[in-house]
Amino acid sequence: MSEVPGVGSRLASTGTWTVDVSNSRIGFAVKHLGVATVHGRFSDFDGTLVFGESPAPSRAFGTVRVASVDTGDRVRDQNLCSAGFFAAGKFPEISFESTAIRASGDNEFEIAGNLTICGVSNEIPLVAEVTGTDIDDSGATRVGLEVTGELSRAAYGMKFNAALGSGNMVVADKVKLAIEIEAIRQDR
């Protein structure tokens, strides 16, 4: 019988797992003009998960290259790389490193970690769900996770905005994160 991830005190098999970028997604969503939600993603990133015997010693960390932002609008993507937002010329990467992981239910975990954007680090809470494990056709063990959270743009110095006549803002402060990870076990 194969191990069931997340049941009891384990995330998945102990060891080091590398994020498979081709089967993973780092996404975000933010309100635009107070009436619509703009979705975006980053296509250039890497990440590592280290699962211990229990969630407590487990770790997660990764890096995103800001210039890979894609919202489906080239002009908007260029604006997002400018000084009013990510300032990609000065801060080309976004990084995350977990500080604590704890089980919150079957296959569900709460992750606290330091997120650094534009040179500013803040602790951010995330919720992760292990969606499964399996062995691929080459014999590699894979694990899937869905991670959600939200952040304040202003907390990272991204204060560009303008009020509309209705009182709505051009870009909301709250950004929702939606991360889908598929990782491959490295140390078997």
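Preceding this paragraph is the structure being described.
No experiment lies behind these values; they were computed from the predicted model shown.

Asker: Pulling in residues and values, what's your account of the overall build of the protein chain?
Answerer: Helices and strands together make up the secondary structure of the protein chain, namely 1 helix and 11 strands. Mapped in sequence order, the helices and strands of the protein chain form the string β-β-β-β-β-β-α-β-β-β-β-β. For the protein chain, with 188 residues in total, the buried portion stands at 41%. A separation threshold of at least 6 residues defines the contact pool for the protein chain, and within that pool the share at least 24 residues apart is 56%.

Asker: How would you summarise the packing of aromatic side chains if you had to cite specific residues and measurements?
Answerer: By the definition in use, this model includes 3 aromatic pairs. Relative to Phe51, the ring of Trp17 lies with its centre 5.8 Å away and its plane at 50°, an arrangement referred to as tilted. Taken together, the residues span a long stretch of sequence, with Trp17 in strand E1 (residues 15-19) and Phe51 in strand E4 (residues 45-51) at a distance of 34 residues. Trp17 sits in the buried class, given a relative accessible area of 0%. What makes Phe51 buried here is its relative accessible area of 5%. Ring geometry for Phe42 and Phe86: centres 5.8 Å apart, planes at 75°, overall edge-to-face. On the criterion of sequence distance, the pair formed by Phe42 in strand E3 (residues 36-42) and Phe86 in the loop between helix H1 (74-80) and strand E7 (93-105) is long-range, its members being 44 residues apart. You can call Phe86 buried: its relative accessible area is 11%.

Asker: I'd like to hear about unusual backbone geometry, residue by residue, with values.
Answerer: We note that Asn107 has phi near 65°; this positive angle belongs to a residue other than glycine. Looking at the secondary structure, you find Asn107 in the loop between E7 and strand E8 (108-117). Given the relative accessible area of 22%, Asn107 is considered partly exposed. A positive phi angle, close to 55°, is found at Cys118, a residue other than glycine. Its location among the elements puts Cys118 in the loop between E8 and strand E9 (120-135). On the basis of relative accessible area, Cys118 is assigned to the buried category, the value being 12%.

Quick notes on the rules
- Residues numbered from 1 in each chain as written.
- Predicted model: local features only at pLDDT ≥ 70, side-chain atom pairs only at ≥ 80, totals over all residues.
- Heavy atoms only, no water.
- Helix = DSSP H or I, 4+ residues; strand = E, 2+ residues; numbered from the N terminus.
- Buried < 20%, exposed > 50% of the residue type's maximum accessible area, 1.4 Å probe, protein only.
- Contact = heavy atoms within 4.5 Å.
- Phe/Tyr/Trp six-rings, centres within 6.5 Å; stacked < 30°, edge-to-face > 60°.

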